[in-house]
Amino acid sequence: MAAASWYHRDISRVVAEELLAKAGRDGCFLVRDSESVSGAYALCLLFQRHVHTYRILPDDEGLLSVQTIQGIQAKCFRNLPDLIGAYQQPNNGLVTPLLYPVHRARQAADEDSDGEDGRGGRHVASTVLAGGAGAGTWLGAPVAGRTHISQQLHQRLQEQVHSSPASDFMGFMAEYLNHHLQLDLEALRHGHPQLRHLSTALVTACRALHRRIDFTLAGLETLARVFDPPVSPRSPAREQVSPGHRSPQPPADLELLLNKISTVNHLLSSLEKKVLKSLQETVSRHNLALPSVAAAPPPAAKPLAVQSFEVKVGKSQRAALMVDVESGTVAISKRGSGSPEETIPQDKILQLIKYQSMQSKVRLVYDREPQRSLSKDFIFPSARKREAFCQLLQLMKIQHSNLDEPDLISVYVGTWNMGSTPPPRSLASWLTSRGLGRTQDETTACIPHDIYVIGTQENSLGDREWVEFLRASLKTLMAIDYRVVALQCLWSIKIVVLVKPEHERRISHVHTSSVKTGIANTLGNKGAVGVSFLFNGTSFGFVNCHLASGSEKTHRRNQNYSDILRSLVLGDKRLGAFDLTLRFTHLFWFGDLNYRLDMDVQDILAHITKKEFEALLAVDQLNLEREKNKVFLRFSEGDISFPPTYRYERGSRDSYMWQKFKPTGMRINVPSWCDRILWKSHPETHVVCNSYGCTDNIVTSDHSPVFATFEVGVTSQFVPKKAPGSGPEPLACIEWESIEVIVKTASRSKCYIEFHSYCLEEAQRSGENTSQSCDVPGFLKLGWSAKHLPVLNPILPDLEYLGDQHLLLSIKGVESCESYGECCIAMRSMISSMAQQFETFLFHRGEETGSMRGWMKVRVPKDRRSTRERLYEWISFEEEDAEPVADAPTCPKPPLQRLRSRPHSLPEPASGYTNPAYFIFEGVP
């Protein structure tokens, strides 16, 4: 089956339709893996410019059949080629016979390997020889063909040389490919499969390894003998052989080498037990009392000192703001005055308004007397000082709130390509967000975050060693013993999630996963690791990846991203059919993405010297690919105001080492922002990026560590305030008036909509669409009326609960049950007695596949409409208007209606669609 050229494995529905459209002939067909049923297939057939998709399902005995409507006998076949052969005949129930197979494109040899800097590529050398076709295809080839095979493999080896540190090893292998491969091929033809010449080449290449293992083995044996039981005087003494005086050995072969490695493995695994047993026996035999070591008490949490900020009040008056988080007060004093002019308790602060037009300005609204409130504007020396002041007030509110569960947490995300070298002793600047770019102010840098997520690439440390190093570093900096939520590793790619001890009980449903995207998607030198979990009622996903390297491999990086998106298994299993980016309230994606700058290296260096980052960001491959909607659709990224983090000279941050000399010539690695942190959140949720930068004093790698910190709104497991009565409980309901959908497809299939949400007991399904048209080639417009849309009843009717919920919708074909696109709708703005309009995009497997709009309302019973203000809602954003008069009274209580907080870094909602078919929605009432 795998050899059939019409079988395209796991390509997406959109790609399959594009291939058929390109072929353009009625009867063109291909087979791909089903997206909806594991182990099933989808037969895609072009007829009259439309793609018809049929499901091929296996039965209990493994026989395959095309799914038919109820009552029609299905034809069963042993394998796919038999099934396809049968349906190439006419009158078999398909719209047209299978006439012209669309062949799978041959994949170019995977050139990607790790270690552009000559490090981190140690896993690659052992796989170079395995990269070609199977030997069975060579045996009948004539001598000229075998010579061509030798040249082909030698060329493939040369392509790997630039990225492998094992140049001597590669030399031996090149010798084998040039002079001895044909001899092994000839032996294979005559029935001798030993590959004698390959074995000789490997033995020669591993000679140095033999010597190192002999040396290590002798040392381990000596240490083991030290802890052996004492030898009886009557027993013969063991023969002592020094490593330099071993008896002559026969010529080394591979079997001997493997035996030696096995012996080293056994000695290392048994030595610790032997030493422990020996010491225990010594203590017992001599009745030794080991000195008692009193456990050091855990360091007390560091109290926050009172922080002072110099500000301007009004146009020229100078003042000082004193923030005391522990006592919960803000004191205002005039410059030079010893005592505060006014002290405001935290419970009297009503609102903090950040001005967008002036990044250093903030307005404080607070109670001064009953039924009256005042506002004051303060201008800080910099935007960073303003953010530090706001963070301290936010922390003060949290500490002094009476909430059992938090509304707001802080999340730290860090990524670092360690370059296969050990880290420095201190990671303080990285873990406290200090360095270049948008960094934490010194007044808030050492405030501990609730969650730390650390992603590394080319990390040569052991898993346990790395985790303990991180925990010890945070304990030294924050005086908190962070707990490990998860550790996931793929070769040298690692992700660690740590939380404060008080949050450990709030974490549940932890899942981890990894995806290989290295050579032929089988090696883990490139790929991704991921962790997901619930924090009370909020779902989080974190993905750390290392994508393909090389300036010219943009398309390959895009493909890596798609493969990770499709294959990473995270989050609620019930949402497995949804795009990974829609499964979580908040998804953070970071790592060495390896996207480069498309500019001459000398021009790049000149812009860096002048700190002209905007010119460089305009040619940043990741930005360009995102603008084309190729990768990271609808993700956000903080403003980049720090220099490119790759490729520095190790030991310094003063210069970039952009030249690399290889046996094949000089390679140029232009300075680039390879290391990035992006995120995507559900609509109408709270997430603010407070810092995004890199360190400037960690110099062990050619990459600088990158950090970002976030303020994230979370929800608790809701408990209704009203106890259930004896009568029937009132129900909230979600009602739909209409839904219109445009999907990118050449199919004319009828569709239905699936509705998923944590607020529903189970998934719900609509009827088939009631209207359908294909006014624009390649796009299908579908419509549903209220009669064919289900009324949904949430499990709880409370407004406070429903305002935090989201609906996930999936458009599925009736015939194939495969998704044409998914979307997410926030219920908060839909809560009303009148229908509200919504518009959103559809996504599937990382691609934008269409759009949806409609009218809906969420009706809440009158006695369940009470709610409360979230801790993050008292900070809002506002454009500057007329200057207020200082100390001028504002509106009487109740206080101002809270402006919905929207971070400045998030893109504004698009006013229109960019898809060629979306104009159908424009101007339609």
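All figures in this text were calculated on a predicted structure; none of them were measured in a lab.

Draft legend 1. The arrangement of the sheet that holds strand β25 (residues 675–681) in detail. Read across the sheet, six strands follow the order β18-β19-β20-β21-β25-β22 without closing on themselves; strand pairing throughout is mixed. Of all the strands in the sheet, the pair left with one neighbour each is β18 (507–516) and β22 (636–637). Note: β22 against β25, two bridges, orientation antiparallel. Residue pairing across strands places S636 opposite W679, the latter belonging to β25.

Draft legend 2. Region of interest: the environment of G518. The residue G518 is located in the loop between β18 and β19 (527–535) in this model. Here G518 falls in the buried class, since its relative accessible area comes to 0%. Along the backbone, G518 and N560 are 42 residues apart, and their C-alpha atoms lie at a distance of 8.8 Å.

Draft legend 3. Structural view of the pattern of salt bridges. Per the stated rule, a full pass over the model turns up 37 salt bridges. Across the pair D441 and K385 runs a salt bridge whose closest N-O atoms are separated by 3.2 Å. Taken together, the residues D441 in the loop between β14 (436–438) and β15 (451–457) and K385 in helix α8 (residues 383–399) connect sequence positions 56 residues apart. Across the pair D620 and R676 runs a salt bridge whose closest N-O atoms are separated by 3.1 Å. Of the two residues, D620 is situated in the loop between α13 (613–617) and α14 (621–627) and R676 in strand β25; the sequence distance between them amounts to 56 residues. Judged on exposure class, the residue D620 and its partner R676 are both buried.

Draft legend 4. Region of interest: the confidence of the model for the protein. Overall, the prediction assigns the protein a mean pLDDT of 81, with 76% of residues at 70 or greater. In this model, residues 161–167 is a region of pLDDT below 50 whose contacts with residues beyond four sequence positions or in other chains number 17 contacts. Segment residues 880–925 is flagged for pLDDT under 50; beyond a separation of four residues in sequence, or across chains, it makes 97 contacts in the model.

Draft legend 5. Looking closely at the environment of Y7. Within the secondary structure, Y7 is located in the segment before α1 (13–23). Residue classification places Y7 among the buried residues on the basis of a relative accessible area of 8%. Placed 74 residues apart in sequence, Y7 and P81 show a C-alpha to C-alpha distance of 9.6 Å. Separated by 2.6 Å, the side chains of Y7 and D33 make a polar contact.

Draft legend 6. Expanded view of unusual backbone geometry. The omega angle of the peptide bond from Y646 to R647 is 5°, so this bond is cis rather than trans. For N91, which is not glycine, the phi torsion reads 60° and is therefore positive. Checked against the element boundaries, N91 lands in the loop between α2 (80–86) and β5 (100–101). Located in the positive-phi region is N629, a residue other than glycine, with phi close to 60°.

Draft legend 7. Quick look at the environment of N690. Structurally, the position occupied by N690 is in strand β26 (residues 687–694). Look at N690 and you get buried, because its relative accessible area is 8%. In this structure the C-alpha to C-alpha distance between N690 and A388, which are 302 residues apart in sequence, comes to 9.3 Å. Among all residues touching N690, those that are not within four sequence positions of it are E387, Q391, R438, Q440, T709, F710 and E711.

Draft legend 8. Molecular detail of the packing of aromatic side chains. Taken as a whole and judged by the stated rule, the model has 25 aromatic pairs. Judged by centre distance (5.9 Å) and plane angle (80°), the ring pair of Y7 and Y41 falls under edge-to-face. With a gap of 34 residues between them, Y7 in the segment before α1 and Y41 in strand β2 (residues 41–47) connect regions that are remote in the sequence. As far as burial versus exposure is concerned, Y7 and Y41 are alike and both buried.

Draft legend 9. Seen up close, the pairing of β19. Summarising burial for β19: nine of the nine residues are buried, a large majority. Where burial is concerned, the two faces of β19 agree: the one with G527, V529, V531, F533 and F535 and the one with A528, G530, S532 and L534 are both buried. Direction of pairing for β18 relative to β19: antiparallel, over a ladder of eight bridges. The residue of β19 that forms the bridge with S508 is L534. Relative to strand β20 (residues 538–546), β19 is paired through nine bridges, and the arrangement is antiparallel. Residue pairing across strands places S532 opposite G541, the latter belonging to β20. Taking the residues that link successive antiparallel strands as the turn, the β19-β20 hairpin has two residues, and the phi of N536 there is positive, at about 50°.

What counts, and where the lines are drawn
- Residues numbered from 1 in each chain as written.
- Predicted model: local features only at pLDDT ≥ 70, side-chain atom pairs only at ≥ 80, totals over all residues.
- Heavy atoms only, no water.
- Pairing = 2+ DSSP bridges.
- Helix = DSSP H or I, 4+ residues; strand = E, 2+ residues; numbered from the N terminus.
- Buried < 20%, exposed > 50% of the residue type's maximum accessible area, 1.4 Å probe, protein only.
- Salt bridge = Lys/Arg side-chain N within 4 Å of Asp/Glu carboxyl O.
- pLDDT = per-residue confidence, 0-100.
- Contact = heavy atoms within 4.5 Å.
- Polar contact = N/O pair within 3.5 Å; in protein donor to acceptor, adjacent residues only side chain to side chain.
- Phe/Tyr/Trp six-rings, centres within 6.5 Å; stacked < 30°, edge-to-face > 60°.

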